[in-house]
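Here is how the chains run, residue by residue.
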Amino acid sequence: MLRRRLNRLFGGDEGRVHSRTIYVGHKSCPPNEAYIPPKFCDNRIVSSKYTVWNFLPKNLFEQFRRIANFYFLIIFLVQVIVDTPTSPVTSGLPLFFVITVTAVKQGYEDWLRHKADREVNEYRVSVLEDGRRIRKMSAKIKVGDIVEVEEDETFPCDLILLQSSRDDGTCFVTTASLDGESNHKTHYTVADLESDLQYLSATIECEQPQPDLYKFVGRMHIYRNSQEPDVRSLGPENLLLKGANLKNTQKICGESNESSVTQWAFMLKADPFFSVFSGGFLKVSQFTLEWRQKWLSTTRENRKNGPLWRSMSVARTADEIKQVWPTACCNQHCYFRSINAFLLVYLFILVSKALVCTTLKYVWQSKHDETWYNEKTQKEKETNQYLKMFTDFLSFMVLFNFIIPVSMYVTVEMQKFLGSFFITWDKDFFDPEIQEGALVNTSDLNEELGQVEYIFTDKTGTLTQNNMEFIECCIDGFQYKHGDGSSELDGFCVTDGPVNKIQQKAGREREELFLRALCLCHTVQVKESTKQRQDQNDQFDQIDQVDGLGLDHGFLDPPQKEMGFIASSPDEIALVKGAMRYGFTFLGLESKNMKILNRNKDVETYELLHVLNFDPVRRRMSVMVRSKTGDILLFCKGADSSIFPQVRQEEVERIRMHVERNATEGYRTLCVAYKHLSAQEYARADADLREARLALQDREEKLMAVYNRVETDMILIGATAVEDQLQDEAAQTMEALQGAGMKVWVLTGDKMETAKSTCYACGLFKKNTELLELTLRTLEDGGRSREERLHDLLLEYHKKAVQDAPPVKLGITRSWSVAGHDYGFIIDGASLSMVLSSSSEPNSRRYKNLFLQICQNCTSVLCCRMAPLQKAQIVKLVKNSKGNPITLSIGDGANDVSMILEAHVGIGIKGKEGRQAVKNSDYAIPKLKHLKKLLLAHGHLYYVRIAHLVQYFFYKNLCFILPQFLYQFFCGYSQQPLYDAAYLTMYNICFTSMPILAYSLLEQHICIEVLLEHSTLYRDIAKNAMLRWKLFLYWTALGIFHGLVFFFGVRFLFSNPALQDNGQVFGNWSYGTIVFTVLVFTVTLKLALDTRHWTWINHFVIWGSLAFYVFFSFFWGGIIWPFLKHQRLYFVFANMLSSVSAWLVIILLILLSLLPEILLVVLRKPRGPHARQKKSSAGDPQSPQSPARPLLTRTFSDESNTVI
């Protein structure tokens, strides 16, 4: 490691920095050269964090980096070193409990990692060595080994595909454990290799590893005899990643008798780049390390275990990355900010108490002579006065340090961890279609679900079902719509049906050319036919392997009914099905030959020359094919914005009208074009493509340049329209979220017209909504430059939506105000780029501010034609705006991952675009409709619970320490503790911990049905409403009031010198025990008054805690403990309860403390949207709302007067 860093620092070993050479089968190349084995790491996986030797020091170091743990460690050390009034056990035992619980939890998790590592490293694989097939452990695989993998097995390392049992040299894999994509992906063997790999002599040259899972650049040099080596390009299509599974690779020629499919692959390794590597240098491992470095460099607070990937199931990597991402790269949790502020206040109170007592102690001593019973020792007399004052100050700090609630952190962690299970267990989130429910990837953000202000949603697969159905197509400006009946369009009456029955409007040749383009321009694979597997009489419809997408067979002939398709996108399946409706059927790909069945039932064969893959920048894909006649054709399909500039402009207008009309109707549109390539044009393109694919540096840029050069001067044929239906209850969900006060922004890559239609269907845009449009079309109007037009439009929209808008009441934004005029804002990707990156820096900042203010005053915002990076930029812009609003992003595809990671809360939809969004999200739900309950019910309740938990902890600790502070005024500031050491230790650990934990898990101050019905209740807790200073001061005042009642109430009792029947008086430990008894019962019963939703668990922990306190006090004081030097409470508790006066005072003080709370709730009139429901149901004896209502404290909203 040190040598590598020095080499990189001083420029040494340049070859290692840029590329590496790997010998296939560990053979020298050429054969006559000496073979020097390169040094690479082995394939052993280590994802664990600790070892037996470093667990204790490393874990302790990490835990004491937390401020709270470090603070109590200092207090404990002060108690050990300085002569303090309390035992070190009082601070050491709670600290030991917290440290031990955390260490056990982290140790168990790391043991699971070690166990998983062993399973992976000891996995047996087949390796070809010297012509023999041997079995060895996965950890012992070396770089350069040739590995055999069978069907349904997992790739043990990163591999280059050399041979396959399929005739076409392909294989199918699934990468669900890597990126969540459940669809089959096609990978290709290296072309023109020896059939017997034993005689293969080759080297592979590739870049050093990098963390991008989807990028691989390399080339293979194949040596034959003394000839010059043949060079083959290597890319992601040749790469098999560790953790992926080999799937259905049966031969499409129809030979279905092969029971197992075997393939040979070459095992590569590298350091930190892509795949084809092993051990810690696997592509997937390097991806994790990159995220981990980013996280570590961002923050070191609230740190977890880090994104340590499990080798056996690499799918966990994204989950663990996301666990630390929100706390590392986003703003702090809203409640954490409040806790930190409250801690500063209580720390100021602690220091103030210690200073006051230290000062008054020396004032008191100056006015009183030294008492005979507390004479100073000679050492004390000789001690420096200032040092003695400092030690006294530390002693008072130790005496009062329990005002800082250290156990609150443990309780919060337990509440988060256990509370997340309620989302997973919620049966309403279960979707019978996919047989899955909700998934919680991180429990750190439960309360953030109750504070969301902005929702950023994808369109396709999120607002819509991503269930594509071919609706119609347009050829040369004429519409073709399949179905029965007739439709009149463009002045012509046409009879819908097969192409040959339409009035030949576009010409037969153009029609067939268009349909051939649909059959050839794609990456669809045909699933093997079942014709030879079963009798024709027993035929049944197959299911397409596109994430469960079903195939409609009503229009197919019986032989075609058995055909299924495999594709990475449902759009491509829909287009292939659309061509089948009009008589052109794609039969599959055999050895680089694509076969289609035309409507004359003739099989046409085309040689597949090149595939120009789709990418989000070009937004199109192309294929080069050669027909039997020798003609070379380029077919291209893509978005209209990417196709129109590449075709002859005189052909655009007749297609544009249909595209815009289909987009307005909410359909997804694609344009189709073609181009005849001459022999010279193809030769040049082929040479350029081969050269670009052999490049190790900047391969993607070079390929992009070739693609753009080839895809020019094309001829536009037509366009397609595919329908994507809305998700179930999408409109109701959006209405509820907007009613709850959340702003919904739609970020999509689709056309503006399509996305606008979807927004209207979802209710985001209403009929009376005035749309403010900032797109290229509006920027080009007026004949001025785009920069000037952008400036004018932003000022115009700002004046309309912000300056001229009527004032709105505090806490209610314009989108919920009836008096305000509703505005909707639409912007496209090109305009957004101008807003975010203007030519001048001052203008850029001004444009951003204007854009943000306009959007924040609109009911909804639509951002269309967005690239994934632009989605993240918008989320970041809003997240970092004034007030730091809580943002939520929801999506279902890999293109949504960037905005999901950028937002405070990321939600993944278990849709049909794979599971990459799910793997990178905080929470995953099956459908969009489940977002309503997740936020309005679970989010609302989680926030209320944790807010009450935080306030309650500060309150009960103030009640605990205030009597101790007051006691110093009556004991000469001698640092005499009021409570026994056992009570100091057990108060937060045992006596008061379980009731608040149960409350924070089970409380429902408003029933879930009411929360879902009245979405406006969500606004009552917005902006961190329950952790504001007003409520904090209320709880603090309540704690002071109770502390005063406890102390002076008991002191009033002790004004009577004889409290026992025998005439004896109580001592100071009896005094403290009575105060502590009143304290424990009062704070526990206060929580019982706050509880609205009673379960047997609440009853058990509340009454059980009180019973345990009584039992412990009897037990602790009823036995002489030999390990105690001073038995302070011996028989004190039993003696105290023998006095009727003590019983009377305890009961009266508890009632007196809680009486204001009881009166406040009883006398307060209910308000809120369902208060009228209560009144109406009060007169109906059979109404479920009529029973008597439990008590409620003012800490909850007025809406909480709801019957549970």
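Residues numbered from 1 in each chain as written. Predicted model: local features only at pLDDT ≥ 70, side-chain atom pairs only at ≥ 80, totals over all residues. Heavy atoms only, no water.

Caption draft 1: Quick peek at the packing of aromatic side chains. By the definition in use, this model includes 50 aromatic pairs. With centroids separated by 6.1 Å and ring planes inclined at 25°, the aromatic side chains of Tyr108 and Trp111 adopt a geometry described as stacked. Of the two residues, Tyr108 and Trp111 both sit in helix H5 (residues 89-121), three residues apart, roughly one turn of that helix. Arranged with centres 5.8 Å apart and planes meeting at 45°, the rings of Tyr983 and Tyr1109 form a pair that is tilted. Taken together, the positions of Tyr983 in helix H31 (residues 981-991) and Tyr1109 in helix H36 (residues 1096-1118) put the pair 126 residues apart, joining distant regions of the chain. One exposure class covers both Tyr983 and Tyr1109, and it is buried. (Phe/Tyr/Trp six-rings, centres within 6.5 Å; stacked < 30°, edge-to-face > 60°. Helix = DSSP H or I, 4+ residues; strand = E, 2+ residues; numbered from the N terminus. Buried < 20%, exposed > 50% of the residue type's maximum accessible area, 1.4 Å probe, protein only.)

Caption draft 2: How the structure looks around helix H22 (residues 752-762). Burial analysis of H22 places eight of its 11 residues in the buried class, which makes it a mostly covered element. All buried positions along H22 are accounted for by Met752, Glu753, Thr754, Ala755, Ser757, Thr758, Cys759 and Cys762.

Caption draft 3: Seen up close, the environment of Gly169. Structurally, the position occupied by Gly169 is in the loop between strand E5 (159-164) and strand E6 (170-175). According to the relative accessible area criterion, Gly169 is buried, its value standing at 13%. Distance in space between the C-alpha atoms of Gly169 and Glu590 is 9.3 Å, their sequence separation being 421 residues. For Gly169, the contacting residues outside a window of four places in its chain are Ser164, His187, Tyr188 and Thr189. (Contact = heavy atoms within 4.5 Å.)

Caption draft 4: Region of interest: the UniProt feature "binding site: Mg(2+)" (unreviewed entry) in the protein chain. The UniProt record annotates "binding site: Mg(2+)" (unreviewed entry) at Asp458, Thr460, Asp892 and Asp896. Look at the named residues: they lie 439 residues apart in sequence, but the longest C-alpha span between them is just 10.6 Å, so in the fold they bunch up. Assignment of secondary structure puts Asp892 in the loop between strand E33 (886-891) and helix H28 (897-902). Among the residues examined, Asp892 registers a relative accessible area of 0% and is labelled buried. (UniProt positions renumbered as here; feature names shortened; annotations may be inferred.)

Caption draft 5: Broad picture of a nonpolar patch on the surface. Among the surface-exposed residues, Val356, Phe969, Phe970, Ile1040, Leu1044 and Phe1048 lie close enough to one another that they form a single nonpolar patch of about 490 Å² accessible area. In terms of residue count, helix H34 (residues 1029-1053) provides more of the nonpolar patch than any other element does, three residues in total. Checked against the element boundaries, Phe1048 lands in helix H34. (Patch = residues over 30% accessible without salt bridge, like charges linked within 9 Å, V, L, I, M, F, W, Y side chains within 5 Å. Areas by Shrake-Rupley, 256 points an atom, 1.4 Å probe, with all protein chains shown as cover. Salt bridge = Lys/Arg side-chain N within 4 Å of Asp/Glu carboxyl O.)

Caption draft 6: Structural view of the sheet that holds strand E27 (residues 668-677). Read from one edge to the other, the open sheet built from nine strands follows the order E17-E16-E28-E27-E26-E25-E24-E23-E22, with strand pairing classed as antiparallel. Strands at the two margins of the open sheet, each flanked by one partner only, are strand E17 (478-481) and strand E22 (585-590). Sheet twist, expressed as the average angle between the axes of neighbouring strands with direction ignored, equals 30°. Two strands pair when backbone bridges link them, and E27 and strand E28 (residues 715-726) are joined in this way by seven bridges, in the antiparallel orientation. When the bridges of E28 are listed, Ala673 appears paired with Leu716. With respect to the sheet, helix H16 (residues 570-581) is in contact with strand E16 (464-475), E22, strand E26 (632-638), E27 and E28, its orientation differing from that of E16 by roughly 40°. (Pairing = 2+ DSSP bridges. Axes fitted to C-alpha atoms, helices over the stretch in contact; angles between N-to-C directions.)

Caption draft 7: Broad picture of the packing of helix H32 (residues 993-1002) against H36. Two elements in contact, H32 and H36, have axes whose closest approach is 8 Å; the angle formed by their N-to-C orientations is 165°. Viewed along their axes, H32 and H36 adopt a mutual orientation that is roughly antiparallel. Crossing of H32 over H36 shows left-handed handedness. Side by side, H32 and H36 meet where Met994, Pro995, Ala998, Tyr999 and Leu1002 of the first sit next to Ile1097, Asn1098, Val1101, Ile1102 and Ser1105 of the second. (Parallel < 35°, antiparallel > 145°, perpendicular 65-115°, else oblique. Left-handed = near helix turned anticlockwise from the far one by under 90°.)

Caption draft 8: Region of the structure containing the sheet that holds strand E8 (residues 202-207). Strands sit in the order E1-E8-E9-E10 across an open sheet of four strands; the sheet is antiparallel. Strand pairing shows two members of the sheet lacking a second neighbour, strand E1 (19-23) and strand E10 (230-234), which therefore form its edges. Averaged over all adjacent pairs, the angle separating strand axes in this sheet is 20°, with direction ignored. Summarising the sheet, strand E9 (residues 218-222) and E10 pair through five bridges and their orientation is antiparallel. Residue Ile222 lies in a different strand from E10, and its bridge partner there is Asp230. Along the sheet face, helix H19 (residues 679-694) touches E9 and E10 and points at about 75° away from the line of E10.

Caption draft 9: Layout of the nonpolar core. Of all hydrophobic cores here, the largest spans 99 residues; its most connected members are Phe960, Tyr979, Tyr983, Phe1076 and Leu1079. When residues of this core are assigned to their parent elements, the largest contribution, 18 residues, is made by helix H30 (residues 930-967). Here Phe960 is in contact with Phe402, Tyr979, Tyr983, Leu984, Tyr987, Phe1076 and Leu1079, once residues within four sequence places are set aside. (Core = buried A, V, L, I, M, F, W, Y, C linked by side-chain atoms within 4.5 Å.)

Caption draft 10: Broad picture of the environment of Glu770. Inspection of the secondary structure puts Glu770 in strand E30 (residues 770-774). Along the backbone, Glu770 and Ala801 are 31 residues apart, and their C-alpha atoms lie at a distance of 10.0 Å. A polar atom in the side chain of Glu770 sits 3.0 Å from the side chain of Lys800. (Polar contact = N/O pair within 3.5 Å; in protein donor to acceptor, adjacent residues only side chain to side chain.)

Caption draft 11: Main features of the pattern of salt bridges. In total, this model carries 37 salt bridges according to the counting rule given. Where Arg516 meets Glu604, a salt bridge forms, and the shortest distance between an N and an O atom there is 2.8 Å. Taken together, the residues span a long stretch of sequence, with Arg516 in helix H14 (residues 508-520) and Glu604 in strand E24 (residues 603-612) at a distance of 88 residues. Glu604 carries the same exposure label as Arg516, and that label is buried. Across the pair Glu770 and Lys800 runs a salt bridge, and its minimum N-O distance is 3.0 Å.

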